[in-house]
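# Fold and geometry: a report
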Amino acid sequence: MHLERETWTDAEKSEAEVALLPVGSTEQHGPHAPLGTDTLDAEAVAEAGADRYDDPVVVAPAIPVGIAEEHRRFSGTLWTTESTFRAYVRDVVGSLASHGWDRVVVVNGHGGNIAALREVTARIVRHDDAYAVPFTWFDEVGEHSSEMGHAGPLETSLLRHSDPETVHEDRLEEAAEGGSDRWGDWQGRVNLAVDSDEFTDNGVVGDPRESSAELGEELLDRSAEALCDLLDAVRERDPGPRE
Ligand SMILES: [Zn+2]
């Protein structure tokens, strides 16, 4: 059940115990993929997980702006501070819980959101009337997780399968040429860079020419399956608070 397409009277009848909250970002994804890549990919994974899950699941509207200041030099990138982001996610989870959907999986599409989501979901579990846990789709695709990059083969593939009209396939060559093969500017194990334009000219990390709709289908399949397994486990958790 996608909340934004339902009436409140139908939402009231929902027997769902669990909810998915997609969280993305609006940030540069090279010359070939849209600013909303992370949001579109998170929504696709949440939708696929809810579709294949045996019991009803509420899918909340996606949160489209996250922690992305590192991409500020690239036009169109939007961001919020970590404290604003955490507070907003906490409020949205709290409102889902107030309707009885008090176990929430935050389906994340952006690496920059991970640390803040860990912190806020722990805070929710400890202190609020809900259980929440983050799920980052590209960490859940087996051996492919190591190919992540930025606007590279993974994200581009998922888009080419789920939202193909948003990808400029005629720019993949250009995207690869102006990109970098590694995230960051490293001295030993220390990343000296704070913004992505310090190590990639066009915003890309990785080679999006290695993307395909077939790989995207596989990534969606694997992440949706992992999400369903997680939903099974999350339903067994007690909603907080843990006092
Ligand atoms: Zn991304």
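Residues numbered from 1 in each chain as written. Predicted model: local features only at pLDDT ≥ 70, side-chain atom pairs only at ≥ 80, totals over all residues. Heavy atoms only, no water.

Definition in use: UniProt positions are given in the numbering used here, feature names are shortened, and annotations may be inferred rather than shown by experiment.
By the naming in an unreviewed UniProt entry, the protein goes by Creatininase family protein and is assigned to Halobellus limi. Of the comments in the UniProt record for the protein, the one headed Cofactor (unreviewed entry) reads "Zn(2+)".

### A few points about the coordination of the zinc ion
Filter applied, for reference: As a rule, N, O and S atoms within 2.8 Å of a metal are its donors, except that Na, K and Ca use 3.2 Å; water is not among the atoms, so sites may look incomplete. Put simply, DSSP H or I for four residues or longer makes a helix, DSSP E for two residues or longer makes a strand, and each gets a number counted from the N terminus.
Donor atoms from the polypeptide that bind the zinc ion are His-29 (NE2), Asp-38 (OD) and Glu-155 (OE), placed at 1.8 to 2.0 Å. The sequence motif formed by the donor residues of the zinc ion is H-x8-D-x116-E. Residue His-29 is located in the loop between strand 1 (18-23) and helix 2 (37-52), and its partner Glu-155 is located in helix 5 (residues 153-162); the two are separated by 126 residues in the primary sequence.

### Comments concerning the packing of helix 2 against helix 7 (residues 213-235)
Note the following rule: To obtain an axis, a line is fitted to C-alpha atoms, over the contacting stretch when the element is a helix, and the angle between two such axes runs from 0 to 180 degrees between their N-to-C directions. Our angle categories are set so that under 35 degrees counts as roughly parallel, over 145 as roughly antiparallel, 65 to 115 as roughly perpendicular, and the remainder as oblique. If you view the pair so one helix is near and one far, a crossing is left-handed when the near helix is turned anticlockwise from the far one by less than a right angle, and right-handed when it is turned clockwise. Working rule for contacts: check all heavy atoms of both residues, and any pair within 4.5 Å makes them a contact.
Between helix 2 and helix 7, whose axes approach to 8 Å, the crossing angle comes to 60 degrees. In this view, helix 2 runs oblique relative to helix 7, as classed from their interaxial angle. Here the hand of the crossing between helix 2 and helix 7 comes out right-handed. Each of Ala-44, Val-45, Ala-46, Ala-48, Gly-49 and Arg-52 in helix 2 lies in contact with helix 7, whose residues at this interface are Leu-220, Asp-221, Ser-223, Ala-224, Glu-225, Leu-227 and Cys-228.

### Structural notes on the nonpolar core
Rules: Think of a nonpolar core as a cluster: buried Ala, Val, Leu, Ile, Met, Phe, Trp, Tyr and Cys residues, connected wherever their side-chain atoms sit within 4.5 Å. Burial classes: relative accessible area under 20% of the type maximum marks a residue as buried, over 50% as exposed, and values in between as partly exposed (1.4 Å probe, protein chains only).
The biggest cluster of nonpolar side chains holds 31 residues, and the ones touching the most others in it are Leu-20, Val-45, Val-105, Val-107, Phe-135 and Trp-137. Those elements that place two or more of their residues in this core are strand 1, helix 2, strand 2 (57-59), strand 3 (103-108), strand 4 (131-136), helix 5 and helix 7. In terms of residues, this core owes the most to one element, helix 7, which gives 9 residues. In this structure, Leu-20 is in contact with Ala-46, Ala-50, Val-57, Val-58, Val-59, Ala-60, Val-105, Val-107, Leu-227 and Leu-231, ignoring residues within four places of it in sequence.

### Notes on the packing of aromatic side chains
Stated precisely, the cut-off is as follows: Aromatic pairing here means that ring centres of Phe, Tyr or Trp (its six-membered ring) are within 6.5 Å. Orientation follows from the plane angle: under 30 degrees is stacked, over 60 is edge-to-face, and everything else is tilted.
The tally for this structure, following the rule as stated, stands at 2 aromatic pairs. Relative to Phe-138, the ring of Trp-137 has its centre 5.6 Å away and its plane inclined at 85 degrees; by these criteria the two rings are edge-to-face. Each of the two residues, Trp-137 as well as Phe-138, counts as buried.

### Here's the deal with the packing of helix 5 against helix 7
For clarity, the cut-off: Note on residue classes: Ala, Val, Leu, Ile, Met, Phe, Trp, Tyr, Cys and Pro are nonpolar, Asp, Glu, Lys and Arg are charged, and everything else, Gly too, is polar.
The N-to-C vectors of helix 5 and helix 7 enclose an angle of 95 degrees; their axes lie 7 Å apart at closest approach. As the angle between them shows, helix 5 and helix 7 are arranged roughly perpendicular. Where helix 5 abuts helix 7, its residues Pro-153, Leu-154, Ser-157, Leu-158, Arg-160, His-161 and Ser-162 lie against Ala-213, Leu-215, Gly-216, Glu-217, Leu-219 and Leu-220. Taken together, the residues that form the contact of helix 5 with helix 7 break down as 7 nonpolar, 4 polar and 2 charged.

### Brief notes about the sheet that holds strand 3
Let me state the cut-off plainly: Two strands qualify as a pair provided DSSP detects at least 2 bridges between them.
Strand order in this open sheet of 4 strands is 2-1-3-4, and the pairing throughout is parallel. Because the sheet does not close on itself, it has two edges, and the strands there are strand 2 and strand 4. Going from strand to strand, the sheet's axes swing by 25 degrees on average, the running direction of each strand aside. The pairing of strand 1 with strand 2 spans 3 bridges and is parallel. Counted as the bridge partner of Leu-20 is Val-59 from strand 2. Its contacts with the sheet put helix 4 (residues 114-127) on strand 3 and strand 4, and the angle it makes with strand 4 is roughly 165 degrees.

### Quick word on a negative patch on the surface
Rules: Like-charged residues within 9 Å of one another, or nonpolar side chains (Val, Leu, Ile, Met, Phe, Trp, Tyr) within 5 Å, are grouped into patches, provided each residue has over 30% relative accessible area and no salt bridge. Per-residue and other accessible areas were derived by the Shrake-Rupley procedure at a 1.4 Å probe size, with only the shown protein chains allowed to occlude residues. Salt bridge, as used here, is a side-chain nitrogen of Lys or Arg placed within 4 Å of a carboxyl oxygen of Asp or Glu. Counted charges follow a simple rule, with Lys and Arg positive, Asp and Glu negative, and His plus the chain ends left uncounted. Charged groups are reduced to one reference atom each: NZ for lysine, CZ for arginine, CG for aspartic acid, CD for glutamic acid.
Taken together, the side chains of Asp-54, Glu-225, Asp-229, Asp-232 and Glu-236 make up a negatively charged region of the molecular surface. Looking at where Asp-229 falls in the secondary structure, it is placed in helix 7.

### Some points on the side chain of His-32
For the record, the criterion: The term polar contact refers here to a pair of N or O atoms within 3.5 Å; inside protein, the definition further demands a hydrogen-donor-capable atom paired with an acceptor-capable atom, and it admits residues adjacent in sequence only when both atoms are side-chain atoms.
Take His-32: it is sitting in the loop between strand 1 and helix 2. Only 3.1 Å separates the side chain of His-32 from the backbone oxygen of Ala-151, close enough to count as a polar contact. Setting aside chain neighbours within four positions, we find His-32 in contact with Ala-151, Thr-156, Thr-166, Val-167, His-168, Arg-171, Leu-172, Ala-175, Val-204 and Pro-208.

### Notes on helix 5
With 8 of 10 residues buried, helix 5 lies mostly within the body of the structure. Taken residue by residue, helix 5 has Pro-153, Leu-154, Glu-155, Thr-156, Ser-157, Leu-158, Leu-159 and Arg-160 as its buried positions.

### A closer look at unusual backbone geometry
The phi angle at Ala-151 is positive, at roughly 55 degrees, despite the residue not being glycine. Tracing the chain through its elements places Ala-151 in the loop between strand 4 and helix 5. Classification of Ala-151 by relative accessible area gives buried; the value is 1%.

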